[in-house]
Amino acid sequence: MDLRLWGKYGSLPWAYPLACHLVDTGAAVEVLWRSTVPESARLAVARELGASVEDAGRLVAFWAALHDIGKITPGFQMQVPKAFAALQGSYTTVGASGRFRHEEASQRFLHRVLAELGYGHGLLGNASAARVAQLLGGHHGCFYGVQPRHADPRVPCPELGGNEWERARRSVLREVSAVFGPPAAPRAVTVLGGAVACGLVVLADWLVSQEDFLLDQLRDVPAEARELDLREHRDRSAGRVAALAREAGLGRLSLRGGSFAAEFPEYPPNALQSSVAADLPGLVTGPGLLLVMAPMGMGKTETALHAARLMGDAAGTSGVFVTLPTMATSDQMYRRVRAYAQRRRAPDVDVAVTLLHSMSWLNAAYQDTADGLDVDRGPVLTGGGQVQAHAAGEDNAGAQTAATVWLRGRKRGLLAPMAVGTVDQALLTVLPVRHNVLRMLGLAGKVLVVDEVHAYDAYMQYLLARLLTWLGALRVPVVLLSATLPGQVAARLVRAYLTGAGGKAYRGQVEVAYPGWVYADAASAVITTRPFEVASRTLAVDLVDVPTVSEDVSAPADRPAADVGLPVKDGADRAAVVKAELAPLLRESGCAMVVCTTVAEAQQTFVTLREWCSKAASSAGEPRVMLLHARMPARQREALTEEVTRAFGREVTHRPRRPTILVATQVAEQSLDLDLDLVVSDLAPIAQLLQRAGRCQRHQQVDDEDLRPQWARRNPRLVVLVPRGPDGTLELPKRWTAVYDASLLRRTYELLADRHPQPVEIPADVQPMVEQVYDETFHEDLSDDEITRFANDEAAFGIAATVAIKNPRKVLDLSELTKTEIDEDLVSTRLGAESVRVVCCYVDDDGTRWLDRARTSRLPVTGYGPKRRFTSAQVKAVLSESLPLRDGAWRRRDRNTTAPPAAWADNPHLRDVLVLPHRLDPDGTVHPVTVDKRMFYLDEALGLTG
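Residues numbered from 1 in each chain as written. Predicted model: local features only at pLDDT ≥ 70, side-chain atom pairs only at ≥ 80, totals over all residues. Heavy atoms only, no water.

(A) Spotlight on the overall build of the protein chain. Secondary structure summary: the protein chain contains 30 helices and 27 strands in total. Relative to its 946 residues, the protein chain shows a buried fraction of 61%. Accessible surface computed for the protein chain: about 35900 Å², of which carbon and sulfur atoms make up 51%. (Helix = DSSP H or I, 4+ residues; strand = E, 2+ residues; numbered from the N terminus. Buried < 20%, exposed > 50% of the residue type's maximum accessible area, 1.4 Å probe, protein only. Areas by Shrake-Rupley, 256 points an atom, 1.4 Å probe, with all protein chains shown as cover.)

Structure (structure tokens):
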């Protein structure tokens, strides 16, 4: 091979030979296959290649060593004139084209010549020559289609260059084959096998393309490209890659075995946990799906972690990915999962735990060192190829579970042994985005845990079902958790998984039990249902009428600026009712939660209760009112969530002696382990109401007489506020039906009204109530709002079916998995949830913009880093003050007011952030900002109003 042909240059002191880079990549696959890729993923690839596990690894390593063979073209080699000068006289420039990408060149060349090595030839089915060429052509994250003319040597491709370029490529193919000694070529490679193999090639390529690794390798470039020299180079590369993979945090999860009580010694196992711990081991012989349907507060998270370990051991996985509906719930779960990993990891084994969502690096428990991560360029290696090993501020023990800088890089977090994140990070696997094969590789070696399954709408449910079909085909174990899931939805998800596992549509019956769990075995398609007994609890549900509001009911016209935007012209006047319900709390003590449908109503309720409590006398101390919703700066919301969890969470050993009221929106109903004495809620669909009721007197250990106030020493109580029009009939505010489907609200009200004053028996009444409200039966007596709901759900299913990739056995070509024009930043896993991030800033008379009212931190307008890039600290300062806001015409009609600094456009984290500039007087007075006709004001207690 010609060592003058370069493969890597960039900021290196001189060119790194292409031959060496190809050998590096193949060696990296060999190392990863042996020490990093879980058994389940190796089995999946081997099964789809029709080869043994050992031969499958050797094949993928050989293929990886060919991935950049398309760089042997005039167009690519001429990109660095200094390097190309050394080739002049040996190679012509005929056919040079800067538009012809090297990965496409690899595919075209290999499609034509692999048949000569015994690979299956042809264009139909899974012919291995075309499939291998295509998977290598997709190593930059997007696949090219298979073209018949590319396999025909009679069809010229001028961009590949003349005969000397062809001879050079064939020389590389011959020498790489001699160095790696691949086994017999497979006749067929399935789409599924090709996708996961491509993910492994991408990972290996990324590892050995790091600058510090290349600098080390440059010192040992062989003098000649003989087979013996290249074999020695492969051995050196393998040693360095093994160290690099360990430093990057890649590895197999190894958790100590044991009973449930051994894994969670702080709490004795309850009925659910005992049932799973006793019966699941006898059912798990390989991959499968576990669906847990149990009441709120039964420790489903601990159950899932225990089950994931059992299922992972049986299936050969060595990782866990826990997903949740929101960033806030993921942040809370991250602490719990990392603590579990730290406690249960095998001795002397590091377990990197990543947090996966777009704002994860703002999480205080997950934050990196100030200089360890360049948010513009991605991961930065320290000298000598060493990656930053752990997060700042952690002690030696904590470093065992901290994510490395490499794993914090874009699209890499799912490769960690353990991960926590939003469900979107998993759903992106079945959307046609770049590098979704890397997500497939990450999931192929893990147990996927999906919490709060009931929280997803029709669009997300469809995407989840499609993901389960792919995971079934990959033999990935899955755990689904829900407290209030309709039986039809549960059955649909189980069938989707078994359809993937079996290769054809599963038509069998799926029986669910509540409370209970279902285990579906991937190999046999046998479904086992296990109900379990739970001590019954009685929930008192009181329906209390509140008048709807069609006009501004807030206070006087001279209200302070903080109240701008608080008037609610379409909602409910809940003030009098809420005060009456909370009066016992003020007289004695205790804690309660008031859940409002919209942020504006939560803010208004907070102001009302704060004023009321400030004037109320209480023997237990001055009442405290807290507010939690989504439209607060990230920094403030995280701090408040932590405070709320500390005050009302599982670990609390005493109740607040001081009367405390939490006013919140839906953010308080998912995965926040809270225990309140009373819950007051706006009317919501029954699933959401039961979730909120699950925060009422949640933990038995709090029922001690010294901890509960006298007025709360009886059954848990949920007060539901029912909006009534002037004529006394149910009148749903438009603000509410913009959040929840009108038919679900009406059905829930009718259900509760028919039962009232009969209490709800938990768990006996939960599933029948959910089934009644979410019944999907279409009949002639449907109301208009029910017809609308069914139509909207069908439309959401249709949109999801259009955007999602097909079932794995129906995909004919790898190019169907990705679209060149689509990146994950441009797609949504949530339908109709478009929002923008905004940062409120404060503008002096001289035009200076500040991030805070005290004028201590300027709004960054230029970067302080090299080449005027924004530093990590600058970006964090901005995004810590950012908050989500629903997009709308208000922004498009007035783009000038919200326009960010021009330099933000060059930073991937800042380019889509808008600003809301508040005018700041010299005396410190802050004025609202008007965008179009909408007025916004950021209050330090209320969050953003308007």
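Let's pick the thread back up.
(B) Spatial organisation of the pairing of strand 24 (residues 913–919). Counting buried positions along strand 24 yields 6 of 7 residues, so the element is predominantly enclosed. Two strands pair when backbone bridges link them, and strand 21 (residues 835–843) and strand 24 are joined in this way by 7 bridges, in the parallel orientation. Residue pairing across strands places Cys840 opposite Leu916, the latter belonging to strand 24. (Pairing = 2+ DSSP bridges.)

(C) Region of interest: the side chain of Arg234. Summarising the element assignment, Arg234 is placed in helix 11 (residues 227–248). Not counting residues up to four positions away in its chain, the partners in contact with Arg234 are Val23, Ala27, Glu30, Val179 and Phe180. (Contact = heavy atoms within 4.5 Å.)

(D) How the structure looks around the side chain of His357. In this structure, His357 sits in the loop between strand 5 (353–356) and strand 6 (373–374). Owing to a relative accessible area of 8%, His357 belongs among the buried residues under this scheme. Of the polar contacts made by the side chain of His357, one reaches the side chain of Asp331; its length is 2.8 Å. Excluding anything up to four places from it in sequence, His357 contacts Met327, Ser330, Asp331, Thr422 and Gln425. (Polar contact = N/O pair within 3.5 Å; in protein donor to acceptor, adjacent residues only side chain to side chain.)

(E) Representation of the sheet that holds strand 26 (residues 934–939). The antiparallel open sheet is built from 3 strands, whose spatial order is 25-26-27. Edge positions in the sheet fall to strand 25 (929–931) and strand 27 (943–945), since each of these pairs with one other strand and no more. Sheet twist, expressed as the average angle between the axes of neighbouring strands with direction ignored, equals 30°. Taken together, the 3 bridges between strand 26 and strand 27 define a ladder with antiparallel strand orientation. Looking at strand 27, one finds that Tyr937 is bridged to Thr945. (Axes fitted to C-alpha atoms, helices over the stretch in contact; angles between N-to-C directions.)

(F) Fine view of the packing of aromatic side chains. Tallied over the entire structure, the rule returns 8 aromatic pairs. Among the aromatic residues, ring-to-ring pairing joins Trp6, Tyr9 and Phe76 into one connected group. Directly above the ring of Phe180 sits Arg234, whose terminal nitrogen or CZ lies 5.3 Å from the centroid. Directly above the ring of Trp406 sits Arg412, whose terminal nitrogen or CZ lies 4.6 Å from the centroid. (Phe/Tyr/Trp six-rings, centres within 6.5 Å; stacked < 30°, edge-to-face > 60°. Lys NZ or Arg CZ within 6 Å of the ring centre and 35° of its normal.)

(G) Structural view of the packing of helix 2 (residues 39–49) against helix 3 (residues 53–64). Running from N to C, helix 2 and helix 3 point in directions that differ by 85°, and their axes come no closer than 9 Å. Classified by the angle between their axes, helix 2 and helix 3 sit roughly perpendicular to one another. Across from Arg42, Leu43, Val45, Ala46 and Leu49 in helix 2, the residues of helix 3 making contact are Val53, Ala56, Leu59, Val60 and Trp63. Tallied by class, the residues present in the contact of helix 2 with helix 3 amount to 9 nonpolar, no polar and 1 charged. (Parallel < 35°, antiparallel > 145°, perpendicular 65-115°, else oblique. Nonpolar A, V, L, I, M, F, W, Y, C, P; charged D, E, K, R; others polar.)

(H) A look at helix 1 (residues 18–35). Spanning 18 residues, helix 1 covers 26 Å between terminal C-alpha atoms, matching the ideal 26 Å at 1.5 Å per step. Counting buried positions along helix 1 yields 16 of 18 residues, so the element is predominantly enclosed. (Expected span 1.5 Å × (residues − 1).)

(I) Broad picture of the packing of helix 1 against helix 3. Interhelical geometry of helix 1 versus helix 3 gives an angle of 155° and a closest axis separation of 7 Å. The angle between helix 1 and helix 3 places the two elements in the roughly antiparallel class. Here the hand of the crossing between helix 1 and helix 3 comes out right-handed. Within the contact between the two elements, helix 1 uses Leu22, Thr25, Gly26, Val29, Glu30 and Trp33 and helix 3 uses Val53, Ala56, Gly57, Val60, Ala61 and Ala64. Within the contact of helix 1 with helix 3, the residues separate by chemical class into 8 nonpolar, 3 polar and 1 charged. (Left-handed = near helix turned anticlockwise from the far one by under 90°.)

(J) Representation of the pattern of salt bridges. What the rule picks out here adds up to 40 salt bridges. In this structure, Arg4 and Asp2 form a salt bridge, with 3.0 Å as the shortest nitrogen-oxygen distance. Among the charged side chains, a network of salt bridges with common partners joins Arg112, Glu116, Glu166, Arg169 and Arg170. (Salt bridge = Lys/Arg side-chain N within 4 Å of Asp/Glu carboxyl O.)

(K) Spotlight on unusual backbone geometry. Of note, the bond from Tyr514 into Pro515 is cis; its omega dihedral lies within 30 degrees of zero at -5°. Of note, Pro515 is situated in the loop between helix 19 (487–502) and strand 11 (516–521). Following His756, the chain continues to Pro757 via a peptide bond in cis, the omega torsion being 5°. Among the structural elements, Pro757 can be located in the loop between helix 25 (742–755) and strand 20 (760–762). Look at Arg475: it is not a glycine, yet its phi comes out positive at around 60°. With respect to the element layout, Arg475 can be found in the loop between helix 18 (458–473) and strand 10 (478–482). The exposure class of Arg475 is partly exposed, given its relative accessible area of 22%.

(L) Spatial organisation of the nonpolar core. Counting residues in each nonpolar core, the largest one holds 221 residues, and the members touching the most others are Trp63, Leu203, Leu250 and Leu817. Among the elements that take part in this core, helix 9 (residues 191–208) stands out by supplying 14 residues, more than any other. For Leu817, the residues in contact, after removing those within four places along its chain, are Phe143, Val191, Ala195, Leu431, Pro432, Val433, Asn436, Met440, Trp470, Ile805 and Val811. If you look at the next biggest cluster of nonpolar residues, it comprises 41 residues, including Leu255, Val292, Leu324 and Trp517. (Core = buried A, V, L, I, M, F, W, Y, C linked by side-chain atoms within 4.5 Å.)

(M) Molecular detail of the sheet that holds strand 8 (residues 418–422). Spatial ordering of the open sheet is given by 5-8-4-9-10-3-11-12, a layout of 8 strands whose pairing is mixed. Taken across any chain shown, the strands that pair with only one partner, and hence form the sheet edges, are strand 5 and strand 12 (527–531). Each strand axis lies, on average, 15° off the axis of its neighbour in the sheet, ignoring direction. In the sheet, strand 4 (residues 320–324) pairs with strand 9 (residues 447–450) via 4 bridges, with the strands oriented parallel. By the bridge assignment, Val322 is partnered in strand 9 with Val449.

(N) How the structure looks around the environment of Gln697. Structurally, Gln697 is set in the loop between helix 23 (686–693) and strand 19 (717–724). The class of Gln697 is buried, set by a relative accessible area of 4%. Along the chain, Gln697 and Leu676 lie 21 residues apart, while their C-alpha atoms are 5.5 Å from each other. A polar contact is formed between the side chain of Gln697 and the backbone oxygen of Asp677, at a distance of 3.4 Å.

(O) Layout of the confidence of the model for the protein chain. For the protein chain, per-residue confidence averages 87 on the pLDDT scale, and residues scoring 70 or more make up 90% of the total. Low confidence marks residues 369–399, where pLDDT is under 50. Its contacts with residues over four positions away, or in another chain, come to 63 contacts. Taken as a whole, residues 552–565 scores under 50 in pLDDT and shows 20 contacts with residues more than four places along the chain or in a different chain. (pLDDT = per-residue confidence, 0-100.)

(P) Broad picture of the environment of Ala764. Along the chain, Ala764 turns up in the loop between strand 20 and helix 26 (766–773). Given the relative accessible area of 55%, Ala764 is considered exposed. Measuring from C-alpha to C-alpha, the distance between Ala764 and Arg537 comes to 9.3 Å, with 227 residues separating the pair along the chain.

(Q) Structural view of the environment of Leu356. Structurally, Leu356 is set in strand 5. Using a relative accessible area of 11% as the deciding quantity, one classes Leu356 as buried. Residue contacts for Leu356: discarding those within four places in its chain leaves Phe321, Gly413, Leu414, Ala419, Val420, Gly421, Thr422 and Gln425.

(R) Focus on the pairing of strand 11. Taking burial as the measure, the 6 residues of strand 11 include 6 buried ones, the bulk of the element. Because side chains alternate across strand 11, one face comprises the buried residues Gly516, Val518 and Ala520, and the other comprises Trp517, Tyr519 and Asp521, equally buried. Here 6 bridges tie strand 3 (residues 288–293) to strand 11, and the two strands are oriented antiparallel to one another. Across the sheet, residue Met293 finds its bridge partner in strand 11, namely Gly516. Across 5 bridges, strand 11 lies against strand 12 in antiparallel orientation. Residue pairing for strand 12: Ala520 is matched across the bridge by Ile527. Hairpin connection from strand 11 to strand 12: 5 residues lie between these consecutive antiparallel strands, with Ala525 at a positive phi of about 65°.

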